[in-house]
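Observations on the model geometry
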Amino acid sequence: VQPYEGKAKRVTATGKDEVAIYYKDDATAFNGQKHELFAGKGALNSQITEGLFKYLEAEGIRTHHLGRIDARTLKARKVEIILLETIVRFKVAGSLQKRTGLEDGTVVDPPVVEFYYKSDALGDPLFNDDHIAMMKLATPQEVATLRSQALAAAIRLKELFRRAKIDLIDLKFEYGRTPKGIVLADEVSPDTCRLRDLDTGEKLDKDNFRLGIGDLLTGYREVLRRLDPVWGR
Ligand code: UDP
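Residues numbered from 1 in each chain as written. Predicted model: local features only at pLDDT ≥ 70, side-chain atom pairs only at ≥ 80, totals over all residues. Heavy atoms only, no water.

On a plain count of helices and strands, the chain comes out with six helices and 14 strands. By the compact-globule yardstick of 17 Å for 233 residues, the chain fits well, its C-alpha radius of gyration being 17 Å. Over its C-alpha atoms, taken along the principal directions, the chain stretches across nearly 45 × 40 × 35 Å. Counting the 233 residues in the chain, one finds 49% classified as buried. (Helix = DSSP H or I, 4+ residues; strand = E, 2+ residues; numbered from the N terminus. Rg over C-alpha atoms; globule rule 2.2 N^0.38 Å. Buried < 20%, exposed > 50% of the residue type's maximum accessible area, 1.4 Å probe, protein only.)

Shown next as structure tokens:
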């Protein structure tokens, strides 16, 4: 299904096995109900995603990333996106806070992995393994792969962010099928991670926009500034 336009990115085929992913300046929340433009967000998220994917590749984790096309466009391997959001949580926040009633920031150890069905019409409902099988979204073997790959990638990212004095609270991954197996796809950025200052807890991610409490771009720029010296590009 190409070209594909999402809320924050546009994907177009550029070759038989390659796509261009254009990072838009749009920020959305609450399933698209809240929407604003932030000039420069697309370029920032493309740089953060590129750096994190290169770091993960160096750590032995396979991603769809192939290279950069321009200031806000990345080149990636064409994949068949699995219609699941795989979320890894190291501390309680957001929907886990609402579901459990635990205080925001409570440590989650061992980390929790969750799957949500990617469906705007349904508002991305939480799915367990049986729901995934029932809806034929992935095989049980694929679900096991998603779980182990997501945990491995999240643990490495948590360590990288810690070196940047950033606390990785939780994050969302998307995976794609290729002829050679499942690879990490989509993006990893302050749009898809909860990131807070390690010492002060100051929010550096999309929560500033979701909750209307701080400047989104200031946080995203700070994330890039702190990652730059530690991710070894
Ligand atoms: N997340 C995302 N896309 C979504 C839903 C969640 O990238 O459609 C990310 C979100 O940024 C956070 C993590 O997944 O880092 C967990 O989100 P949560 O389930 O708490 O939902 P939220 O409170 O963001 O609605």
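Let us keep going from here.
What follows concerns the site of the ligand. Around the ligand, 16 residues are found, and the nearest of them are R89, S95, D170, R194 and R210. In this structure, R89 approaches the ligand through a side-chain N or O atom, which is 2.6 Å from an oxygen atom. Backbone polar atom of T192 to an oxygen atom of the ligand: 3.5 Å apart, as the coordinates give it. Contact with the protein chains removes 77% of the 500 Å² of surface that the ligand exposes when unbound. Looking at the shell around the ligand, its residues break down into five nonpolar, three polar and eight charged. (Near = heavy atom within 4 Å. Polar contact = N/O pair within 3.5 Å; in protein donor to acceptor, adjacent residues only side chain to side chain. Areas by Shrake-Rupley, 256 points an atom, 1.4 Å probe, with all protein chains shown as cover. Nonpolar A, V, L, I, M, F, W, Y, C, P; charged D, E, K, R; others polar.)

What follows covers the packing of helix α1 (residues 41-58) against helix α6 (residues 216-227). Direction vectors running N to C along α1 and α6 enclose 30 degrees, while the axes themselves pass 10 Å from each other. Taken together, the axes of α1 and α6 are roughly parallel relative to one another. The crossing of α1 and α6 is left-handed. Taking contact as the criterion, the partners of K41, L44, N45, Q47, I48 and L52 in α1 are, on α6, L216, L217, Y220, R221, V223, L224 and L227. Taken together, the residues of the contact of α1 with α6 break down into nine nonpolar, two polar and two charged. (Axes fitted to C-alpha atoms, helices over the stretch in contact; angles between N-to-C directions. Parallel < 35°, antiparallel > 145°, perpendicular 65-115°, else oblique. Left-handed = near helix turned anticlockwise from the far one by under 90°. Contact = heavy atoms within 4.5 Å.)

Okay, the packing of aromatic side chains next. The tally for this structure, following the rule as stated, stands at three aromatic pairs. With a centroid separation of 5.7 Å and an interplanar angle of 85 degrees, the aromatic rings of F38 and F209 are classed as edge-to-face. In this pair, F38 sits in the loop between β5 (34-37) and α1 while F209 sits in helix α5 (residues 207-210), placing the two residues 171 residues apart along the sequence. For the residue pair F38 and F209, the accessibility class agrees, reading buried in each case. Here K9 stacks its cationic end above the ring of Y23, 5.8 Å away from the centre of that ring. Sitting above the plane of the Y22 ring, R10 keeps its charged end 4.6 Å from the centroid. (Phe/Tyr/Trp six-rings, centres within 6.5 Å; stacked < 30°, edge-to-face > 60°. Lys NZ or Arg CZ within 6 Å of the ring centre and 35° of its normal.)

Within the secondary structure, P140 sits in helix α4 (residues 140-163). Classification of P140 as exposed rests on a relative accessible area of 65%. Residues P140 and N208, 68 residues apart in the sequence, show an inter-C-alpha distance of 37 Å.

For the rest of this paragraph, the subject is α1. With 18 residues, α1 should reach 26 Å at 1.5 Å per residue; the first-to-last C-alpha distance of 26 Å fits that figure. Within α1, 13 of the 18 residues are buried, leaving the element largely enclosed by the surrounding structure. Following α1 by one or two positions, G60 has its phi on the positive side, about 90 degrees. (Expected span 1.5 Å × (residues − 1).)

With that settled, the discussion passes to unusual backbone geometry. Excluding glycine, a negative phi dihedral is what most residues carry, and trans is how most peptide bonds are arranged. Of note, the bond from D109 into P110 is cis; its omega dihedral lies within 30 degrees of zero at 0 degrees. Relative to the helices and strands, P110 resides in strand β10 (residues 107-117). With a phi close to 50 degrees, D124 is a non-glycine residue in the positive phi region. Counting through the fold element by element, D124 comes out in the loop between β10 and β11 (126-127).

Glancing now at the nonpolar core. Considering soluble globular proteins, one finds that nonpolar side chains tend to be buried as a cluster. Counting residues in each nonpolar core, the largest one holds 50 residues, and the members touching the most others are L52, L157, F161, L171, F173 and L227. The dominant element in this core, judged by the number of residues it contributes, is α4, at eight residues. Membership of the second largest hydrophobic core comes to six residues, among which are V11, Y23, L74 and A76. (Core = buried A, V, L, I, M, F, W, Y, C linked by side-chain atoms within 4.5 Å.)

The next point concerns the pattern of salt bridges. What the rule picks out here adds up to 31 salt bridges. Residue R163 is joined to E159 by a salt bridge in which the shortest nitrogen-to-oxygen separation is 3.6 Å. Taken together, the residues span about one helical turn, with R163 and E159 both in helix α4 at a distance of four residues. On the basis of relative accessibility, which here comes to 38%, the residue R163 falls in the partly exposed class. Overall, E159 belongs to the partly exposed group, its relative accessible area being 33%. Counted as one network, the salt bridges with shared partners bring together R89, R99, E114, D170, R194, D207 and R210. (Salt bridge = Lys/Arg side-chain N within 4 Å of Asp/Glu carboxyl O.)

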